[in-house]
Amino acid sequence: MPEQLDANDVIAALPCAIKMPDNWGNFFARGGPLPPMGDDHRRFPRFYLRAPAALRYRSTLPALPRPDHECMIYLKDVSRTSIAFLHSEQLFPKE
């Protein structure tokens, strides 16, 4: 029977090119609901979710060909319908 892989080990083994700013030292310490920002009219509340995660990228824009690949990203926050994350490359809507 094959040995089961731990998700944290798989994520940690992925390449990561994200450079965290020095002043983000408490990035992973945040938790709970995000405070509303300015004139924010969101339908659902957002919550901090600070953790490394895996991203499998598949090229979807013909005008911007990229190789399919997997990498590590950092999750920032989530709501009922969306997720925000940090990635070393800019991604566009529908990618």
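Scope of this entry: the structure provided in the associated data block. (Residues numbered from 1 in each chain as written. Predicted model: local features only at pLDDT ≥ 70, side-chain atom pairs only at ≥ 80, totals over all residues. Heavy atoms only, no water.)

1. Topic: the packing of aromatic side chains
For clarity, the cut-off: Only centres within 6.5 Å qualify two rings of Phe, Tyr or Trp (six-membered ring in Trp) as a pair; their planes then separate them into stacked at under 30 degrees, edge-to-face at over 60, and tilted for everything else. Only protein chains enter the area calculation, which uses a 1.4 Å probe; residues under 20% of their type maximum are buried, those over 50% are exposed, and those in between are partly exposed. Only lysine NZ and arginine CZ atoms are considered, and such an atom sits over a ring when it is within 6 Å of the ring centre and within 35 degrees of the ring normal.
What the rule picks out here adds up to 3 aromatic pairs. A ring pair is formed by Trp-24 and Phe-27, whose centres lie 5.6 Å apart and whose planes are at 5°; its orientation type is stacked. Since its relative accessible area comes to 32%, Trp-24 is described here as partly exposed. One aromatic cluster is present, built from ring pairs that chain together Trp-24, Phe-27, Phe-28 and Tyr-74. Positioned above the aromatic ring of Phe-27, the side-chain terminus of Arg-50 is 4.2 Å from the ring centre.

2. Things to note about the sheet that holds strand β1 (residues 47–57)
Rules: Think of it this way: DSSP has to see at least two bridges between two strands before they count as a pair. Numbered from the N terminus, helices here are DSSP runs of H or I no shorter than four residues, and strands are runs of E no shorter than two. Under this scheme, a helix contributes an axis fitted over its contacting stretch, all axes are lines through C-alpha atoms, and angles between N-to-C directions fall in the 0 to 180 degree range.
Taken in spatial order, the 3 strands make up an open sheet running β1-β2-β3, and their pairing is antiparallel. A single partner strand is all that each edge strand has here, and the edge strands are β1 and β3 (83–86). On average, adjacent strands in this sheet sit at an angle of 35° to one another, irrespective of strand direction. With 9 bridges connecting them, β1 and strand β2 (residues 69–78) associate as antiparallel partners.

3. Some details on the pairing of β3
Inspection of the sheet shows β2 paired to β3 by 4 bridges, in the antiparallel sense. Of the residues in β3, the one forming a bridge with Leu-75 is Phe-85. Remark: 4 residues form the turn of the hairpin made by β2 and β3, two consecutive strands paired antiparallel.

4. Re the side chain of His-87
As a reminder, the rule being used: Whether two residues are in contact is decided by their heavy atoms: any pair within 4.5 Å suffices.
Note on placement: His-87 falls in the segment after β3. You can call His-87 buried: its relative accessible area is 16%. When sequence neighbours within four positions are dropped, the list of residues in contact with His-87 reads Ile-18, Leu-55, Cys-71 and Ile-73.

5. Describing the pattern of salt bridges
Stated formally: What counts as a salt bridge is simple: a side-chain nitrogen of Lys or Arg found within 4 Å of a carboxyl oxygen of Asp or Glu.
In this structure the tally under the stated criterion is 4 salt bridges. When the shortest N-O distance is used, the salt bridge between Arg-56 and Glu-70 registers 3.1 Å. One end of the pair, Arg-56, is in strand β1; the other, Glu-70, is in strand β2, and 14 residues separate them in sequence. Assessed through its relative accessible area of 55%, Arg-56 is described here as exposed. With a shortest N-O distance of 3.1 Å, Arg-66 and Glu-95 are connected by a salt bridge. Here Arg-66 is found in the loop between β1 and β2, whereas its partner Glu-95 is found in the segment after β3, with 29 residues between them in sequence. In the salt-bridge network here, residues are joined through shared partners; they are Arg-66, Glu-89 and Glu-95.

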